[in-house]
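# Descriptive analysis of the structure
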Amino acid sequence: MVATQEIPVIKAAQSKLEGFSLENVPFGKYFTDHMLEADYIDGTWQNVTIKPYGPLSLDPSVAALHYGQAIFEGIKAYKDDAGNAVVFRLQDNFKRFNISAERMMMPAVPEEIFVEGIRQLIAVDKNWIPAQADHSLYIRPFMFSSDELIGVRPSENYKFLVILSPTGPYYGTPMRIYVEEQYVRAVKGGIGYAKAAGNYGASMMATAIARDKGYDQVLWTDAYEHKYVQEIGTMNVIFILNGKAVTPDLEAGTILHGVTRMSVLTILKEMGLEIEERPISIDELIDAYKAGTLKEVFGTGTAATVSPIKELRYKDFVMNFDVASWTVMPEAKRLLDDIRYGRSEDRYGWLVTI
Ligand code: COI
């Protein structure tokens, strides 16, 4: 735990919340009254301020715009049933952010700015947390290189910001997923495990092609043989296979170390399921589907939370799932929501109350 320091706050002249409805808000479209901003200059973090949400003024030569030295996180704050503001697994996202920073040759953001900054920012804007089921306040910390220089090298200057968005579900209905076998998200030795902006930019073409075919997202496969599944566009993937919870392992560094993935695996274990983290081939999934032992497929992510998949397509082979008959995923989601909304004990210490 770090020493708590008051971060200076410049209050917005007027709240945008007046006349704004927090019911049925779309994902990521609206932002709260304030944001946190900090600068890394001359080897130290400075100018840490909570200020009114608003545009940044940037020099056109700013390095991040040219070379993509940019990372981010996704975290959620909830209003629990007693009306408290709680943040889910803030420390874990903080750690992952700095793992991404290290891979991208960026400075670590200290805990007193990341964790304390988010706590204090949420305390200022906590009236923006929606109370409706499956709604939350999405927290988006991000950092980018801010050197004003056209030259490929790690920057000396960086900006760290946190913005907040009241938000509804990312995927409202069960998804249709296309197994990708042409394009690649990540390769061993690459940046797949980092939450780097470029990973998302690079995913857009394959996703757009899948969308044109009527699918919501792609399930990435390995770069060498397109044989082993990795993760889905914005989520990790878990299969209920032969009565076990099976998910791709993180060994190769090609998959994001999902905080929701970790949480759901913990809950599935608590529910009595055996967990297997290992390579999973598309052939194994097809064989299990044909044998009737692939029962449920779902994605996990901060934005996506726990999202069921009703169709998985590989080439011409289509696997359909009767989501309404599932038992495991709905129970895991319920147990996770019970913790988030304070309906059951926070037995793993996942919540930070603001
Ligand atoms: C998240 O789940 O928080 C993500 O960052 C995925 C997406 C919204 C980019």
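About the thresholds
Residues numbered from 1 in each chain as written. Predicted model: local features only at pLDDT ≥ 70, side-chain atom pairs only at ≥ 80, totals over all residues. Helix = DSSP H or I, 4+ residues; strand = E, 2+ residues; numbered from the N terminus. Rg over C-alpha atoms; globule rule 2.2 N^0.38 Å. Buried ≥ 20, exposed ≤ 12 C-beta atoms within 10 Å, placed from the backbone. Domains from an automatic or database assignment. Contact = placed C-beta atoms within 7 Å. Nonpolar A, V, L, I, M, F, W, Y, C, P; charged D, E, K, R; others polar. UniProt positions renumbered as here; feature names shortened; annotations may be inferred. Near = placed C-beta within 6 Å. Axes fitted to C-alpha atoms, helices over the stretch in contact; angles between N-to-C directions. Parallel < 35°, antiparallel > 145°, perpendicular 65-115°, else oblique. Left-handed = near helix turned anticlockwise from the far one by under 90°. Core = buried A, V, L, I, M, F, W, Y, C linked by C-beta atoms within 7 Å. pLDDT = per-residue confidence, 0-100. Expected span 1.5 Å × (residues − 1). Bend = angle between axes of the 7 residues up to and from the residue. Arc of directions from axis to C-beta.

A count of helical and extended segments in the chain gives eight helices and 17 strands. Compactness check: the chain gives a C-alpha radius of gyration of 21 Å against a globular reference of 20 Å for 354 residues, within 12% of the reference. Dimensions of the chain, computed from the C-alpha atoms along their principal axes, are close to 60 × 50 × 35 Å. Every one of the 354 residues in the chain was classed for burial, and the buried ones make up 43%.

Attention now goes to the domain arrangement of the chain. By a frequent convention, interface size equals the accessible area lost on bringing the separate parts together. When its domains are assigned, the chain resolves into domain 1 (34-169) and domain 2 (175-340). Computed from C-alpha coordinates alone, the two centres of domain 1 and domain 2 are separated by 27 Å. Contacts between domain 1 and domain 2 engage 18 residues on the former and 12 residues on the latter. Of all elements in the fold, only strand 3 (70-72), strand 4 (75-79) and helix 2 (90-103) reach the threshold of two or more residues within the side of domain 1 that touches domain 2. For the side of domain 1 that touches domain 2, the leading source of residues is helix 2, giving five residues. When its residues are assigned to classes, the side of domain 1 that touches domain 2 shows eight nonpolar, four polar and six charged.

Here we take up the UniProt feature "modified residue: N6-(pyridoxal phosphate)lysine" (unreviewed entry) in the chain. UniProt annotation of "modified residue: N6-(pyridoxal phosphate)lysine" (unreviewed entry) refers to Lys195 when read in the numbering used here. With respect to the secondary-structure elements, lysine 195 resides in the loop between strand 8 (175-179) and helix 4 (197-201). Once residues lying within four places of it in the same chain are set aside, the contact partners of lysine 195 are Ile71, Phe72, Glu73, Arg96, Ser100 and Leu256.

As a matter of local geometry, the ligand sits amid Gly74, Tyr200, Thr234, Gly301, Thr302, Ala303 and Ala304. Looking at the shell around the ligand residue by residue, the classes come out as three nonpolar, four polar and no charged.

Further remarks concern the packing of helix 6 (residues 259-270) against helix 8 (residues 328-340). Interhelical geometry of helix 6 versus helix 8 gives an angle of 110° and a closest axis separation of 10 Å. Classified by the interaxial angle, the pair formed by helix 6 and helix 8 is roughly perpendicular. Pair helix 6 / helix 8 crosses with right-handed handedness. Here helix 6 contributes Ser263, Val264, Ile267 and Leu268 to the contact with helix 8, which in turn contributes Ala332, Leu335 and Leu336.

Next up on the list: the packing of helix 2 against helix 3 (residues 111-125). Here helix 2 crosses helix 3 at 145°, and the two axes come no closer than 10 Å. Seen from above, helix 2 lies across helix 3 with right-handed handedness. Touching Leu90, Gln91, Phe94 and Phe97 of helix 2 are Glu111, Phe114, Val115 and Ile118, all from helix 3. Tallied by class, residues from the contact of helix 2 with helix 3 come to six nonpolar, one polar and one charged.

What follows covers the environment of leucine 256. Its location among the elements puts leucine 256 in the loop between strand 12 (244-247) and helix 6. Expressed as a C-alpha distance, the spacing of leucine 256 and arginine 96, which sit 160 residues apart in the sequence, is 9.4 Å. Excluding anything up to four places from it in sequence, leucine 256 contacts Tyr193, Lys195, Glu231 and Asn236.

As a further point, take the nonpolar core. In a soluble, globular protein the nonpolar side chains are often hidden away together inside. Counting residues in hydrophobic clusters, the biggest one holds 89 residues, and the most contacted among them are Ile71, Ala77, Ile118, Ile177, Leu219 and Phe239. When residues in this core are grouped by element, the largest group, seven residues, is from helix 3. If you count residues domain by domain, this core takes at least three from each of domain 1 (34-169) and domain 2 (175-340).

Now for the confidence of the model for the chain. Scored by pLDDT, the chain comes out at a mean of 96, with 99% of its residues at no less than 70. Under the prediction, the complex receives an ipTM of 0.95, its pTM being 0.96.

The next point concerns the environment of threonine 234. Relative to the elements of secondary structure, threonine 234 occurs in the loop between strand 10 (229-232) and strand 11 (236-241). For the pair threonine 234 and methionine 106, spaced 128 residues apart in the sequence, the C-alpha separation amounts to 23 Å. When sequence neighbours within four positions are dropped, the list of residues in contact with threonine 234 reads Gln217, Gly301, Ala303 and Ala304.

Bringing helix 3 into the picture now. Over its 15 residues, helix 3 runs 20 Å from end to end, which matches the ideal 21 Å to within 8%, given 1.5 Å per residue. Of all the bends in helix 3, the greatest measures close to 30° and is centred on glycine 117. Most of helix 3 is tucked away, with 11 of its 15 residues classed as buried. Of all the residues in helix 3, the buried ones are Ile113, Phe114, Val115, Glu116, Gly117, Ile118, Gln120, Leu121, Ile122, Val124 and Asp125.

Moving on, we get to helix 7 (residues 282-291). Residues Ile282, Leu285 and Tyr289 constitute the buried set of helix 7. An end-on view of helix 7 places all buried positions within 60° of arc, on one side of the element. When the buried face of helix 7 is taken as reference, the exposed residues oriented beyond 90 degrees from it are Asp283, Asp287, Lys290 and Ala291.

On to unusual backbone geometry, then. Excluding glycine, a negative phi dihedral is what most residues carry, and trans is how most peptide bonds are arranged. Of note in this structure, methionine 105 is not a glycine but carries a positive phi near 60°. Residue position: methionine 105 is located in the loop between helix 2 and helix 3. Judged by C-beta crowding, with 11 C-beta atoms within 10 Å, methionine 105 ranks as exposed. Non-glycine residue aspartate 134 carries a positive phi angle of around 65°. Summarising the element assignment, aspartate 134 is placed in the loop between helix 3 and strand 6 (136-145).

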